[in-house]
Amino acid sequence: MAAVSRIQLQKCLQNIWSTNSSLKTLLCGSSVSGEYQRRWASQAKVKYPKAKYGGRSTVTLLPGGGIGPELTGYVKEIFLYAGVPVVFEEVKIDPSSDSNEDLENAITSIRRNGVGLKGNIETRSLSTSVMSRNVALRNELDLFVNVFHCYSFTGIQSRHQNVDIYVIRQNTEGEYAMAEHESVPGVVECLKIITREKAERLAHYAFNFARKNGRKKVTTVHKANIMKLSDGLFLEVSREVAKHYPEIEHNDMIIDNCCMQLVSKPSQFDVMLTTNLYGTIVSNVICGLIGGAGLLSGGNYGDHYAVFEPGTRNTGTAIAGKNVANPISMLNGAVDLLNHLELDHHARILRDAIMKTVNEDQIHTPDVGGSATSTDVVENVLKHLAQNVKPGLVF
Ligand code: ATP
């Protein structure tokens, strides 16, 4: 119970701090905009701390619920087989418990190791005092941005080919502020929090990302015609920030039109900059276009920590334990993790094995039109890895 209060108190204080820009200017004596411009100008130099003992990186593993434990189990099997120098520190979170002790342990572990890999964590409690563990984890670690690369696979029949879009999503506020209350019986209000500080930080991240990755255009997704203050601020800030990146084209699109445009002509999008809820909507629409929830991974980043996971954050409870879940999304999350740890060789051989399995051998689970089991896919990945790893050799 004490752990719950601490998280909530911290969150409350963070909100007061981040929503009160005049207080901040008064206390800090400098404009937030200037602070972030300086910070993001040197973004390329930011190095994440990583726990490394005896040449091995320690990574927090949160299996989560539903299909999470079996998918993270495949990652462990593959890493062991390929001699990947990673040791997992596993933290299980009981979905039925109202206590946040497991969550606190998970957060402490990520703070120590700097990096994590996770399945979707379930929160079964209906009590309003128990917040979503996934959201709490992102807030506590200030994982302010979710980066989701959405692309088509040549070996999977889908509505569109050649999709190649990055969704840069607000990850710690917006519609996920979880600030709801019943003002009088039968009347419920839900707050959507947009702060200039966090909108600016996110916009700089998106434009910097575009610049560093050779992308040409950023599209801000919003509903500022209806939510004139909240989405209005998000849009206004993105327009201001865009001026600092003159080589990157900037446009904006209302979320509903954006979904229609995605379905009819996805090639017009390059990098999308979105609030929290619109981010999950467009990510799921794009996943539907390229073959479903089982393929792509996403990364959650802050100034100090990074956590990787399947991109659309599904639990998949209905298919758990049936050996039908597509392991590719979690395996792609493992590749992102290896890239982040600068284990380039291991990242490359695992990525190659995944792409050969999906595109050339076409070993597909039922969600993408095949009849293979999860373990068929994993065994095929191991078969390709066998050509690149020497049995018995531990890196
Ligand atoms: P539940 O979690 O009870 O299965 P849900 O509606 O919450 O139901 P999600 O977990 O959000 O479902 O997943 C959305 C859909 O995507 C479900 O049909 C699920 O089975 C499917 N899905 C998600 N991940 C995978 C995966 N790795 N492989 C195959 N199907 C998946």
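All figures in this text were calculated on a predicted structure; none of them were measured in a lab. (Residues numbered from 1 in each chain as written. Predicted model: local features only at pLDDT ≥ 70, side-chain atom pairs only at ≥ 80, totals over all residues. Heavy atoms only, no water.)

1. As for the pattern of salt bridges
Note the cut-off: By definition, a salt bridge exists where a carboxyl oxygen of Asp or Glu is found within 4 Å of a side-chain nitrogen of Lys or Arg. Think of it this way: any DSSP run of H or I at least four residues long counts as a helix, any run of E at least two long counts as a strand, and we number them from the N terminus. Buried residues are those whose accessible area, probed at 1.4 Å on protein chains only, stays under 20% of the maximum for their type, while exposed residues exceed 50% and partly exposed ones sit between those limits.
Under the criterion given, the structure shown has 16 salt bridges. Here Glu90 ties to Lys76 by a salt bridge, and the two come within 2.7 Å at their closest N and O atoms. Residue Glu90 is found in strand β3 (residues 86-90), and its partner Lys76 is found in helix α4 (residues 68-82); the two are separated by 14 residues along the sequence. Lys76 gets classed as partly exposed once you look at its relative accessible area, which sits at 33%. Between Asp164 and Arg215 there is a salt bridge, with its nearest N and O atoms 2.9 Å apart. Taken together, the residues span a long stretch of sequence, with Asp164 in strand β6 (residues 164-170) and Arg215 in the loop between α7 (196-212) and β9 (217-222) at a distance of 51 residues. On the basis of relative accessibility, which here comes to 14%, the residue Arg215 falls in the buried class. Bridged by salt links that share partners, the residues Arg196, Glu200, Glu236 and Glu240 form one connected network.

2. Examining the nonpolar core
Heads up, the condition is: Here, the term nonpolar core denotes a set of buried Ala, Val, Leu, Ile, Met, Phe, Trp, Tyr and Cys residues that are joined through side-chain atoms within 4.5 Å. Here the limits of each domain have been adopted from an automatic or database domain assignment. Contacts were defined at the residue level, with two residues in contact if any of their heavy atoms lie within 4.5 Å.
Membership of the largest hydrophobic core comes to 87 residues, with the highest contact counts inside it found for Phe79, Met272 and Leu350. When residues in this core are grouped by element, the largest group, eight residues, is from α7. Two domains each provide a minimum of three residues to this core, namely domain 1 (47-144 + 299-395) and domain 2 (159-290). The contact partners of Met272, leaving out residues within four places of it in the chain, are Ile165, Tyr166, Val167, Ile168, Thr219, Val221, Cys258, Leu262, Val282 and Ile286.

3. Let's talk about the site of the ligand
Heads up, the rule is: Any residue with a heavy atom positioned within 4 Å of a molecule or strand is treated as near that molecule or strand. Under this definition, polar contacts are N or O atom pairs within 3.5 Å; protein pairs additionally need one hydrogen-donor-capable and one acceptor-capable atom, and for neighbouring residues in sequence, both atoms have to be side-chain atoms. Each accessible area is a Shrake-Rupley result for a 1.4 Å probe, and residues are judged covered by the shown protein chains and nothing else.
Ile67, Ala293, Gly294, Asn314, Thr315, Gly316, Thr317, Ala318, Ile319, Ala325, Asn326 and Asp367 make up every residue found near the ligand. Between the ligand and Thr315 there is a distance of 2.9 Å, counted from an oxygen atom to a backbone nitrogen or oxygen. Interatomic distance of 3.0 Å between a backbone N/O atom of Ala318 and an oxygen atom of the ligand. Taking 600 Å² as the accessible area of the ligand by itself, protein coverage stands at 58%.

4. Thoughts on the packing of α4 against helix α11 (residues 328-340)
Our working definition: Only the stretch in contact is used when a helix axis is fitted, and all axes are lines through C-alpha atoms; the angle between N-to-C directions ranges over 0 to 180 degrees. Oblique is the label for every angle not falling under 35 degrees (roughly parallel), over 145 degrees (roughly antiparallel), or within 65 to 115 degrees (roughly perpendicular). The crossing is said to be left-handed when, going from far helix to near helix, the turn is anticlockwise and less than a right angle, and right-handed when the turn is clockwise. In this classification, the charged set is Asp, Glu, Lys and Arg, the nonpolar set is Ala, Val, Leu, Ile, Met, Phe, Trp, Tyr, Cys and Pro, and all remaining amino acids, among them Gly, are polar.
Their axes nearest at 9 Å, the elements α4 and α11 cross at an angle of 50°. The pairing of α4 with α11 is recorded here as oblique in orientation. Note that α4 runs across α11; the crossing there is right-handed. Touching Gly68, Leu71, Thr72, Val75, Ile78 and Phe79 of α4 are Met330, Leu331, Ala334, Leu337 and Leu338, all from α11. Here the contact of α4 with α11 is composed, by residue class, of nine nonpolar, two polar and no charged.

5. Description of the confidence of the model for the protein chain
Rule in force here: Summary of the metric used: pLDDT quantifies the predictor's per-residue confidence within the range 0 to 100.
Averaged over every residue, the pLDDT of the protein chain is 88; residues scoring 70 or more account for 86%. Confidence drops under pLDDT 50 across residues 1-7; counting only partners more than four residues distant or on other chains, this segment forms 11 contacts. For residues 16-34, every residue scores under 50 in pLDDT, and the model assigns this stretch 17 contacts once sequence neighbours within four places are set aside.

6. Here's the deal with the environment of Thr375
Locating Thr375 in the fold gives a position in helix α13 (residues 374-386). Through-space distance from the C-alpha of Thr375 to that of Pro327 is 8.5 Å; in sequence the pair is 48 residues apart. Here Thr375 is in contact with Tyr74 and Asn323, once residues within four sequence places are set aside. A distance of 3.2 Å separates a polar atom in the side chain of Thr375 from a polar atom in the side chain of Thr373.

7. As for α13
Since the α-helix turns once every 3.6 residues, residues separated by three or four places project in the same direction. Put simply, the test is: Any helix carries an expected span of 1.5 Å times its number of residues minus one.
Compared with an ideal rise of 1.5 Å per residue, which puts 13 residues at 18 Å, α13 spans 19 Å between its outermost C-alpha atoms and is within 8% of the ideal. Considered for burial, the residues of α13 that qualify are Ser374, Val377, Val378, Asn380, Val381, Leu382, His384 and Leu385. The inward-facing, buried residues of α13 abut α4, α11 and α12 (344-360).

8. Some words on the packing of helix α9 (residues 255-264) against helix α10 (residues 276-290)
Where α9 contacts α10, the axes come no closer than 10 Å and their chain directions differ by 15°. Overall, the two elements α9 and α10 adopt an arrangement that is roughly parallel. Considering how the two elements wind past one another, α9 and α10 form a crossing that is right-handed. For the pair α9 and α10, contact is made by Ile255, Cys258, Cys259, Leu262 and Val263 and by Tyr278, Ile281, Val282, Val285, Ile286 and Leu289, respectively. When grouped by side-chain class, the residues that make up the contact of α9 with α10 number 11 nonpolar, no polar and no charged.

9. Structural notes on the pairing of strand β12 (residues 297-301)
Rule in force here: Two strands qualify as a pair provided DSSP detects at least 2 bridges between them.
Across the five residues that make up β12, a large majority, five, are buried. Going residue by residue along β12, you find Ser297, Gly299 and Tyr301 tucked away on one face and Gly298 and Asn300 tucked away on the opposite face as well. Sheet topology places strand β5 (residues 145-151) next to β12; four bridges connect them, and they run antiparallel. In the sheet register, Phe148 faces β12, and the bridge partner there is Gly298.

10. Comments concerning the side chain of Glu309
With respect to the helices, strands and loops of the structure, Glu309 is situated in strand β13 (residues 306-310). Of the residues examined, Glu309 reaches a relative accessible area of 2% and is grouped as buried. If sequence neighbours within four positions are ignored, Glu309 has contacts with Lys118, Asn146, Ser297, Gly298 and Asn300.

11. Some thoughts on the state of the cysteines
Let me state the cut-off plainly: When the sulfur atoms of two cysteines come within 2.5 Å, that pair is taken as a disulfide.
Per the counting criterion, the structure on display carries zero disulfides. A disulfide-free cysteine, Cys150 has its sulfur positioned 5.4 Å from the sulfur of Cys287, the nearest such atom. Exposure remark for Cys287: the relative accessible area of 2% places this residue in the buried category.

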